[in-house]
Amino acid sequence: MTARVLVVEDAEAIRAAVLAGLAEAGFAGCGRADGRTLEEDLEAFRPDLVVLDVMLPGRDGFTLLDVVRRRSDAGVVMLTARDAVDDRLRGLHGGADDYVMKPFALAELVARVTAVLRRTGRTPSTVEVGDLLVDATAGSVRRGGVPIELTATELRLLDYLAAQRGRVVSKGQILTRVWGYTDYDPNLVEVHVSALRRKLGEPRLVHTVRGLGYVLRTDGPEAPA
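Here goes a summary of the coordinates provided.

What counts, and where the lines are drawn
Residues numbered from 1 in each chain as written. Predicted model: local features only at pLDDT ≥ 70, side-chain atom pairs only at ≥ 80, totals over all residues. Heavy atoms only, no water. Buried < 20%, exposed > 50% of the residue type's maximum accessible area, 1.4 Å probe, protein only. Helix = DSSP H or I, 4+ residues; strand = E, 2+ residues; numbered from the N terminus. Pairing = 2+ DSSP bridges. Salt bridge = Lys/Arg side-chain N within 4 Å of Asp/Glu carboxyl O. 1 Å grid on protein atoms, 1.4 Å probe; cavity = no way out; pocket = protein on both sides within 12 Å on 5 of 7 lines; lining within 4 Å. Points joined across faces, edges and corners; volume = space filled by probe spheres on them. Nonpolar A, V, L, I, M, F, W, Y, C, P; charged D, E, K, R; others polar. Core = buried A, V, L, I, M, F, W, Y, C linked by side-chain atoms within 4.5 Å. Contact = heavy atoms within 4.5 Å. Axes fitted to C-alpha atoms, helices over the stretch in contact; angles between N-to-C directions. Parallel < 35°, antiparallel > 145°, perpendicular 65-115°, else oblique.

A few points about the pairing of strand β10 (residues 206-209)
And step 1. Burial of β10 is two-sided: the residues V206 and T208 facing one way and the residues H207 and V209 facing the other way are all buried.
And step 2. One ladder, built from 4 bridges, connects β10 with strand β11 (residues 213-216); its direction is antiparallel. Along β11, the bridge assignment pairs V206 with L216.
And step 3. Taking the residues between adjacent antiparallel strands as the criterion, β10 and β11 are bridged by 3 residues, where G211 takes a positive phi near 80°.

Some words on the pattern of salt bridges
A side chain with one charge can pair with a side chain of the opposite charge if their charged atoms come near.
And step 1. Taken as a whole, this structure holds 13 salt bridges when the rule is applied.
And step 2. Between K102 and E9 there is a salt bridge, with its nearest N and O atoms 2.9 Å apart. Of this pair, K102 sits in strand β5 (residues 98-102) while E9 sits in the loop between β1 (4-8) and α1 (12-24), placing them 93 residues apart in sequence.
And step 3. Its salt-bridge partner being D66, residue R70 comes within 3.0 Å of it at the nearest N-O pair. With R70 and D66 both in helix α3 (residues 61-71) and 4 residues apart, this pair spans about one turn of that helix.
And step 4. Classification of D66 as partly exposed rests on a relative accessible area of 41%.
And step 5. Connected via shared salt-bridge partners are E9, D53 and K102.

Quick word on the layout of surface pockets
And step 1. Quantified by volume, the largest pocket comes out at close to 800 Å³.
And step 2. Taken together, 31 residues make up the lining of the largest pocket; nearest its centre are A25, T114, R118, D159 and A163.
And step 3. Those elements that provide at least two residues to the lining of the largest pocket are α5 (106-119), β6 (126-129), α6 (152-163) and α7 (171-179).
And step 4. For the lining of the largest pocket, the class distribution of residues is 17 nonpolar, 7 polar and 7 charged.

Notes on the nonpolar core
If you look at soluble globular proteins, the nonpolar side chains tend to sit buried side by side.
And step 1. Counting 26 residues, the largest nonpolar core has V141, L158, L161, I174, L196, V206 and L216 as the members making the most contacts within it.
And step 2. Looking at this core, the elements with two or more residues in it are β6, β7 (132-135), α6, α7, α8 (187-200) and β11.
And step 3. In terms of residues, this core owes the most to one element, α6, which gives 6 residues.
And step 4. Sequence-distant contacts of L216, that is, excluding residues within four places in its chain, are made with V129, L158, L161, A162, R165, G166, L205 and V206.

Considerations on the packing of α7 against α8
And step 1. Between α7 and α8, the shortest axis-to-axis distance is 9 Å and the interhelical angle comes to 80°. Viewed along their axes, α7 and α8 adopt a mutual orientation that is roughly perpendicular. Touching K171, I174, L175 and W179 of α7 are L188, V189, E190 and H192, all from α8.
And step 2. Classifying every residue of the contact of α7 with α8 gives 5 nonpolar, 1 polar and 2 charged.

Below is the structure:
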């Protein structure tokens, strides 16, 4: 079942980027510029996690955090200014599960959201693709029951591909989600995909879609890497 994430952020550009990143990661998102409808959203949308900006018009993030904690068991990730240590401590003491400091890399926020959802049992930690089992939380990868040793980067790459299983993802998307880069040599992706393929063995699971990117699936046409 797709995890639902409510994003309460008054900056339209940030809100749109976060929602796009969550959608790419396979989550269902809902965005709000303020917390005026939070109670209704908790009832109707029933989010598994809420991303709350601290500085909001009207009711601030701390007030909304209290509303979430009283009315829902959803996870909460708060967005705070980089130098606002008191805000981060106040949020954590108030029941927030995590915080991300502004300005932030979208990949980091998506990773934090994913981690909280896994810790709270709102999204499965284990992904199964054919005979491949990936449990990024436990750092465990098995194929046909045989453990596969991966580097930390290879595990992040496989975890992202597994989360997007059946969907084609571009090198740019992979760079952003796995490394946090928006402008970097795409050969970095090719090298790590090749290494991952060797370790996963045959039949091949990571397929190349010419001109588009890569997809993790159990079958399908293969183009040269």
